[in-house]
Every structure is written in C-alpha cells, then in structure tokens.
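Architecture and fold: a report
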Amino acid sequence: MPSNASERNTPAPGRTPLAATIGNALKIVIVGGFGVGKTTMVGAVSEMRPLSTEEVMTQAGAEIDDLRGVRDKRTTTAAFDFGRITVDATRVLYLFGAPGQKRFWFLWEQLFIGSLGAVVLVDTTRVEDSWYAIDRLEHHGTPFIVAVNRFGPGPDLERVRGALDLSNDVPLLECDARRRESGRDVLITLVHHLASMERARSVLKETP
Amino acid sequence: MSPEPAGEESPDRLYTVTGGRGGTDESSLDSVALIVAESEPAADMQSEHADILRLCLRPIAVVELSAELGLPVSVVRILLVDLLDTGAVTVRHHVPSTPQEGPRHDPDTLKQVLLALQRL
Ligand SMILES: Nc1nc2c(ncn2[C@@H]2O[C@H](COP(=O)(O)OP(=O)(O)OP(=O)(O)O)[C@@H](O)[C@H]2O)c(=O)[nH]1
Ligand SMILES: [Mg+2]
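It should be emphasised that the depicted structure is a prediction, and the values quoted were computed from it without experimental measurement.

Rules behind the numbers
- Residues numbered from 1 in each chain as written.
- Chains lettered and ligands numbered in written order.
- Predicted model: local features only at pLDDT ≥ 70, side-chain atom pairs only at ≥ 80, totals over all residues.
- Heavy atoms only, no water.
- Helix = DSSP H or I, 4+ residues; strand = E, 2+ residues; numbered from the N terminus.
- Buried < 20%, exposed > 50% of the residue type's maximum accessible area, 1.4 Å probe, protein only.
- Contact = heavy atoms within 4.5 Å.
- Areas by Shrake-Rupley, 256 points an atom, 1.4 Å probe, with all protein chains shown as cover.
- Pairing = 2+ DSSP bridges.
- Axes fitted to C-alpha atoms, helices over the stretch in contact; angles between N-to-C directions.
- Parallel < 35°, antiparallel > 145°, perpendicular 65-115°, else oblique.
- Nonpolar A, V, L, I, M, F, W, Y, C, P; charged D, E, K, R; others polar.
- pLDDT = per-residue confidence, 0-100.
- Core = buried A, V, L, I, M, F, W, Y, C linked by side-chain atoms within 4.5 Å.

1. Overview of the overall build of chain A
Tallying secondary structure elements over chain A gives six helices and seven strands in all. From first element to last, N terminus to C terminus, chain A shows the α and β order β-α-β-α-β-β-α-β-α-β-α-β-α. The buried share of chain A, reckoned over its 208 residues, is 53%. Taking all contacts inside chain A whose residues are at least 6 apart in sequence as the whole, residues at least 24 apart take part in 71%. Surface exposure of chain A reaches about 9,300 Å², of which carbon and sulfur atoms provide 52%.

As structure tokens, this is what we get:
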C-alpha cells in the first residue's frame with residue numbers, strides 16, 4: 001500500500017490501480033461446486049487483494065434489462081469474487097471465482113461470455129458437483145481444463161477422468177488452491193490448451 | 001434448467017440510484033470493459049457518477065468499479081451508460097465475443113499471458 005494514501009491518482013486508499021497504459025482486459029473463470037477452493041485459488045494468484053461484488057438477477061435468471069420492470073419482480077443477488085494479473089504494459093488478466101452454491105449456478109453462463117477459458121475445480125469427494133460445470137462449458141463452447149483440488153486422499157486422476165466422463169483432449173491435473181505456484185501451473189495448463197486449440201483451428205481454416 | 005431464487009431483495013435502493021432508468025445498451029458493457037475518465041467530477045453531478053469519475057482516473061474494469069462502489073454490476077452498467085452518453089468516460093476495451101464460438105485470441109496475446117504467468 002502506498003505510504004501516502006492521499007497521493008494524486010490514488011482514487012481510494014488501499015487500491016492498486018492499473019497502469020494508465022492498460023487498454024485490453026482478458027478474463028478466465030474458475031468454476032466448481034460449493035467450497036472446492038475457487039476463492040482460495042483467485043486469492044493465491046492475484047496481484048491485488050481479491051475483491052468481491054454482486055450481480056442482481058431477475059428470478060428468471062436473465063440479467064436485469066429494465067430496472068423499472070424489476071420493481072415488481074423478485075430479484076436474486078449472487079456474489080462472486082475476482083482478482084487480476086497484469087500481463088504487460090497494455091493487457092491485464094482478470095480471474096473470476098464463480099459462486100459455488102447451486103442456487104447461483106445460473107450466473108456462470110454470464111461469466112463465461114467473453115472469457116478466454118475456464119478452470120473447473122473438482123473436489124474428489126463430490127465429483128458430481130462438476131458435471132453441471134462441464135456440461136455448461138461444453139454447451140457454451142468455452143474451452144476449459146479440470147483441476148483436482150486435493151483436500152486429502154482420493155481417487156487418482158484416471159479414475160476422476162472416468163467419473164467425469166472427460167474426453168482425453170481435456171487436460172486434467174492436480175492442484176493445491178492455496179499455493180500460488182500451483183494456481184499458476186493450473187493457469188499455464190489452461191493457456192497451453194487454448195494455444196493448441198487456436199493452432200488446431202487455424203490449421204482447419206487453411207485446409208481447403 | 002430453471003434457477004431457484006436465492007432470496008428476495010427490495011430493488012428500491014437500486015431504483016433510486018439509477019433514477020428508474022435502464023434498458024438502454026448497458027448490456028453491451030462487458031464485466032471487464034475498461035473505463036477511463038475523460039473529465040473531472042462536476043459539482044452538480046449525482047454522487048455515484050462523481051465517485052465513478054474519481055475511480056477511473058486510471059483504467060478500471062466494470063467489475064472493479066462495482067466492488068469499489070459496493071453496487072451490483074448491473075447498476076454500475078446503467079450509471080456508466082449515463083457517463084458514456086455525455087462523454088465523461090470512455091471505454092477502452094470491447095470484448096469480441098461470440099457465445100457459441102468463444103472469443104478469438106491472437107497467438108501473441110496467449111504468449112504474453114503465458115509469460116506473465118511464468119513470472120508469478
Ligand atoms: N485442505 C485444503 N483446504 C483447502 C484447499 N483449498 C481451499 N481450502 C479451504 O476450503 C475452504 C473453502 O475454500 P473457498 O476458496 O472459499 O472455496 P470456494 O470454491 O470459493 O467456495 P464457494 O465460493 O462458497 O463455493 C476454505 O476454508 C479454504 O481454506 C486445499 O487445497 N486443501
Ligand atoms: Mg468462493
């Protein structure tokens with residue numbers, strides 16, 4: 001934190017503003033069931049204190065498009081958190097931790113829009129919580145990888161792959177969401193996956 | 001899949017903050033669109049508008065504004081549309097996204113992201 005919080009260009013004490021040259025923002029979403037470690041992972045890799053905010057949704061799950069109409073509707077508030085990593089002088093990467101409680105899952109699809117890709121965090125004691133995430137990501141066409149956050153002993157990765165009915169094309173790895181290097185390795189695996197998908201896409205395009 | 005409501009909340013406060021507006025083109029403002037102030041807060045400005053202008057002296061993402069202001073993202077989007085209309089702020093980044101295909105990313109962007117992650 002700057003020693004002089006009232007310094008000019010420091011809009012709020014404790015904030016870490018982006019460099020003035022940043023003009024492009026990228027987004028990666030971390031999804032998974034309740035309590036699998038999404039917030040922990042965002043906090044482990046973020047360059048700033050992770051922030052939390054909320055989205056107000058209508059009962060139908062659609063984003064509010066008319067606040068006047070919403071006066072008469074029931075609305076839902078879903079909290080999610082995010083952190084960020086500065087990429088270079090012009091680019092910044094935002095990491096979103098999706099809300100894990102089942103009643104907020106409808107918000108995920110909105111978070112997928114415009115994202116580079118997603119990480120599905122899995123707790124091996126509750127593998128079935130990840131089915132919905134994988135189904136929605138496939139439906140939405142958002143590239144993803146799967147990371148097993150080990151809370152203790154559990155099935156090995158091949159068994160997890162089987163339980164998730166995960167295609168061999170989707171990278172699957174172990175992680176410890178509390179460790180920065182581990183979160184970093186998960187994100188690196190995702191970006192490698194995205195790069196190889198892009199390569200495959202451009203090869204397809206060039207083939208007559 | 002039909003979502004369950006998480007609870008009821010009175011939208012009255014939100015209604016007051018946005019003056020009952022809404023429904024314009026704020027849905028096109030991505031959650032990580034970067035907002036930059038183009039002018040100083042004016043004395044007769046709504047306080048939320050002035051707060052936004054103070055926060056975006058440097059580029060700031062819509063979600064970050066939302067977290068700093070303690071207002072839901074959808075409300076911040078509506079407030080931003082007002083400021084965009086008058087030219088008090090501009091958007092630096094527009095996400096090229098087609099939901100079915102996913103956004104396209106040039107190899108250089110992915111390479112730079114990789115390098116940044118390796119520096120972590
Ligand atoms: N033992 C162990 N505990 C972990 C690990 N990752 C997270 N935790 C703990 O698990 C709890 C839940 O972690 P969160 O990061 O809040 O999980 P979340 O996925 O964000 O939870 P929701 O947002 O509520 O769905 C916290 O108390 C963490 O400290 C891990 O790898 N090992
Ligand atoms: Mg969380």
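Moving on from the coordinates now.
2. Digging into the sheet that holds strand β2 (residues 60–61) of chain B
Residues and elements named next belong to chain B. The sheet built from three strands is open, its strands ordered β2-β1-β3 with antiparallel pairing. Each edge of the open sheet carries a strand with a single partner, namely β2 and β3 (89–91). Across the sheet, helix α4 (residues 73–85) touches β1 (34–37) and β3, and the angle it forms with β3 is around 105°.

3. Focus on the packing of helix α2 (residues 47–55) of chain B against α4 of chain B
Residues and elements named next belong to chain B. Two elements in contact, α2 and α4, have axes whose closest approach is 10 Å; the angle formed by their N-to-C orientations is 80°. For the element pair α2 / α4, the angle class is roughly perpendicular. Contacts between α2 and α4 pair E48, H49 and I52 from the former with L79, L80, D82 and L83 from the latter. Broken down by class, the residue content of the contact of α2 with α4 amounts to four nonpolar, one polar and two charged.

4. A word on the confidence of the model for chain B
Confidence along chain B averages 78 in pLDDT terms, with 67% of residues attaining 70 or more. Counted against residues more than four places away or in other chains, residues 20–24 of chain B, with its pLDDT under 50, gives eleven contacts.

5. Some remarks on the nonpolar core
Ranked by internal contacts, the top residues of the largest apolar core, which has 61 residues, are Y94 and V146 of chain A. Examining the composition of this core, we find that six residues originate from one element, α4 of chain B, more than from any other. Those residues within four positions of V146 of chain A in sequence are excluded, and the remaining contacts are V120, V122, I134, L164, L166, V170, P171, L172 and L173 of chain A. Counting 31 residues, the second-largest nonpolar core is a separate cluster that includes V45 and L121 of chain A together with L110 and A116 of chain B.

6. Quick word on the side chain of T109 of chain B
Assignment of secondary structure puts T109 of chain B in helix α5 (residues 107–119). According to the relative accessible area criterion, T109 of chain B is buried, its value standing at 6%. When near neighbours in sequence (up to four residues on either side) are disregarded, T109 of chain B contacts L26 and R91 of chain A.

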